[in-house]
Each structure stands twice: as structure tokens, then as C-alpha cells.
Amino acid sequence: MRWAKRDSIVLRNRRGGRISYVFPVRVVEDGPDFSALHLAAGTTVKQRVMPDGSPFTHDIPYAEKHEAPLRVGDGTWRENSVLMLTRTGEAHSFWAFWRDEDWKFLGWYVNLQAPLERTPLGFDSSDHVLDITVEPDGSWEWKDEDEFEDAQSVGRFTKDEANEILAEAERATSKIRNREWPLGSEWEKWTPEPEWTLPKIPEGWDRP
Ligand code: MG
């Protein structure tokens, strides 16, 4: 089943069979080739927190976060609106960012992730740690390479899995270098419909 434009659904991140992040999003397009999902600034999300409920920040050593029991708390998606464009079956997603206050296009972020799986609530995926940031002019750089290394040393990814992620990253950077879709496309000028309200976390968000 495909989602209709304007449907309010959730994109969830799974970790070891459990839900670690829940992003309520609005469907912009859901076709056979790709889906486009809007995560609006100000949306209430579920996000992974430390066992004492404190935020999961970048400065906590990766091994510590990896060992910590999974706990999920409330959070807010701040500042920037995101449109997530994901081709069916691909293990990466292009995220366009706009500054919420004046809708200035800020560039792209490539999230390496498991291909989207359909669920009764929306889509599930699993994050692959490594990311790429792309400026509006097309220049790009790796993000979280250090965490990707750490994820391998603590055994989150096997050598083969890490190699698959790197091969996918290579396919994504080749699209960036060639300025292929969605870079430079009309999607960079996309705006949400003014009457769209913020989607909410549904009942059963934590069901596997
Ligand atoms: Mg990521």
C-alpha cells in the first residue's frame, strides 16, 4: 500500500529490533520509484536518550552510547525543516534542509541507512552512522567518519557490512559529483503547503 499526499505517518529508526527514533512526517509523494517525506521544524519526536534521560550528545564516547541500554524519550526537531527523498531499495536518503524562519535552502545531507521498509505506521529504517553533507553549490564532505570507525570497532557493523555501507556511500558521492537527482532539481525550491499542521506521534509507535 502506498501513502497519499498529505498523510501523516512516522519514519522510525530501528536498532537491534527496537525502535530508537520516531519522526512524525507528512507524505509529499510516495510513488513506485521514491518517497518524499517532510519533517517540519518544531515537530515532537521520540529520540534515543542516555539511561538517566539526558540527551545523546556527540561528545559522549561512541562505545559508551553503544553499551548503554536503549531508552527513548521525547524531543523536538529544531530549527530546520527537512524533506527526505529516498529511492526505493536504496541504502541512502537525500535530505534537503531549509532554515525555517525564512525558508533559505541550506543544502543536502545524505543519510546512509537501510532501505525503507513499509509498516502499518509509515516506514522503518536503520541508521548506518556515516553521513555526507552537501553545500548548495555542490561541494561536499564526509560527516561522522570517526563514529563510523568506532561503530566497526565495537562490532556494530561487521567488516562486510561496513564495506557495503562504503560502497553505497561511493554511489552517493558519485551522484553528488555528477550533480544527479535530486541535486539541482526542483526539489530545492519545494515548500510545504501553508495549512499543514505538525504531525503527531501515533499510538503504537513503539510496536516492533
Ligand atoms: Mg545518519
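None of these values were measured; they are calculated from a predicted model. (Residues numbered from 1 in each chain as written. Predicted model: local features only at pLDDT ≥ 70, side-chain atom pairs only at ≥ 80, totals over all residues. Heavy atoms only, no water.)

A. Local environment of the coordination of the magnesium ion. Taken together, the protein ligands of the magnesium ion are Asn111 (OD1), Asp127 (OD) and Asp131 (OD), with distances of 2.1 to 2.5 Å. Counting along the primary sequence, the residues that act as donors to the magnesium ion give the motif N-x15-D-x3-D. Remark: Asp131 occurs in strand E11 (residues 127-134) and Asn111 occurs in strand E8 (residues 104-113); sequence separation between them is 20 residues. (Donors = N, O, S within 2.8 Å, 3.2 Å for Na, K, Ca; no water. Helix = DSSP H or I, 4+ residues; strand = E, 2+ residues; numbered from the N terminus.)

B. Quick peek at the packing of aromatic side chains. By the definition in use, this model includes 15 aromatic pairs. Ring geometry for Trp98 versus Phe105: centroids 5.9 Å apart, planes at 55°, classification tilted. Judged by relative accessible area, which is 15%, Phe105 ranks as buried. Between Phe148 and Phe157, the ring centres sit 6.0 Å apart and the planes meet at 45°, which makes this aromatic pair tilted. (Phe/Tyr/Trp six-rings, centres within 6.5 Å; stacked < 30°, edge-to-face > 60°. Buried < 20%, exposed > 50% of the residue type's maximum accessible area, 1.4 Å probe, protein only.)

C. Layout of the environment of Arg118. Within the element layout of this structure, Arg118 appears in strand E9 (residues 117-119). The exposure class of Arg118 is partly exposed, given its relative accessible area of 37%. As a C-alpha pair, Arg118 and Trp3 span 115 residues in sequence and 9.8 Å in three-dimensional space. Within polar-contact distance, the side chain of Arg118 engages the backbone oxygen of Met1 at 3.0 Å. (Polar contact = N/O pair within 3.5 Å; in protein donor to acceptor, adjacent residues only side chain to side chain.)

D. Up close: the nonpolar core. Membership of the largest hydrophobic core comes to 19 residues, with the highest contact counts inside it found for Leu83, Trp108 and Trp187. Those elements that provide at least two residues to this core are strand E3 (34-39), strand E6 (80-87), strand E7 (92-99), E8, E11 and helix H3 (159-177). Those residues within four positions of Trp187 in sequence are excluded, and the remaining contacts are Val28, Glu29, Phe34, Ala36, Leu83, Leu85, Trp98, Trp108, Trp181 and Pro182. Among the nonpolar cores identified, the runner-up in size contains 16 residues, and Ile9, Val27, Leu39 and Tyr109 belong to it. (Core = buried A, V, L, I, M, F, W, Y, C linked by side-chain atoms within 4.5 Å. Contact = heavy atoms within 4.5 Å.)

E. A look at the side chain of Thr173. Looking at the secondary structure, you find Thr173 in helix H3. Once residues within four sequence positions are removed from consideration, Thr173 is found in contact with Ile132, Trp140 and Trp142.

F. Quick peek at unusual backbone geometry. For the bond running from Trp181 to Pro182, omega is 0°, close enough to zero to count as cis. Positive phi, normally seen in glycine, also occurs at Asp144, with a value near 65°. Relative to the assigned elements, Asp144 resides in the loop between strand E12 (140-143) and helix H2 (145-153).

G. Highlighting the pairing of E6. Among the eight residues of E6, seven are classified as buried, and the element is accordingly described as predominantly covered. Across six bridges, the pairing between E6 and E7 is antiparallel. Bridge pairing links Leu83 to Ala96 in E7. Where E6 folds back onto E7 in an antiparallel hairpin, the turn is made up of four residues, including Gly89, whose phi is positive at roughly 85°. (Pairing = 2+ DSSP bridges.)

H. View of a negative patch on the surface. The grouping of Glu145, Asp146, Glu149 and Asp150 at the surface amounts to a negative patch. Along the polypeptide, Asp150 turns up in helix H2. (Patch = residues over 30% accessible without salt bridge, like charges linked within 9 Å, V, L, I, M, F, W, Y side chains within 5 Å. Areas by Shrake-Rupley, 256 points an atom, 1.4 Å probe, with all protein chains shown as cover. Salt bridge = Lys/Arg side-chain N within 4 Å of Asp/Glu carboxyl O. Lys, Arg positive; Asp, Glu negative; His and termini not counted. Charge placed at Lys NZ, Arg CZ, Asp CG, Glu CD.)

I. Molecular detail of H2. Among the residues of H2, those classed as buried are Glu147, Phe148, Ala151 and Gln152. Along the long axis of H2, the arc covered by the buried residues comes to 145°, so they all point the same way. Away from its buried face, by an angle of more than 90 degrees, H2 presents the exposed residues Glu149 and Ser153. Buried residues along H2 sit in contact with helix H1 (62-67), E11 and H3. Of the residues one or two after H2, Gly155 is the one with positive phi, at around 85°. (Arc of directions from axis to C-beta.)

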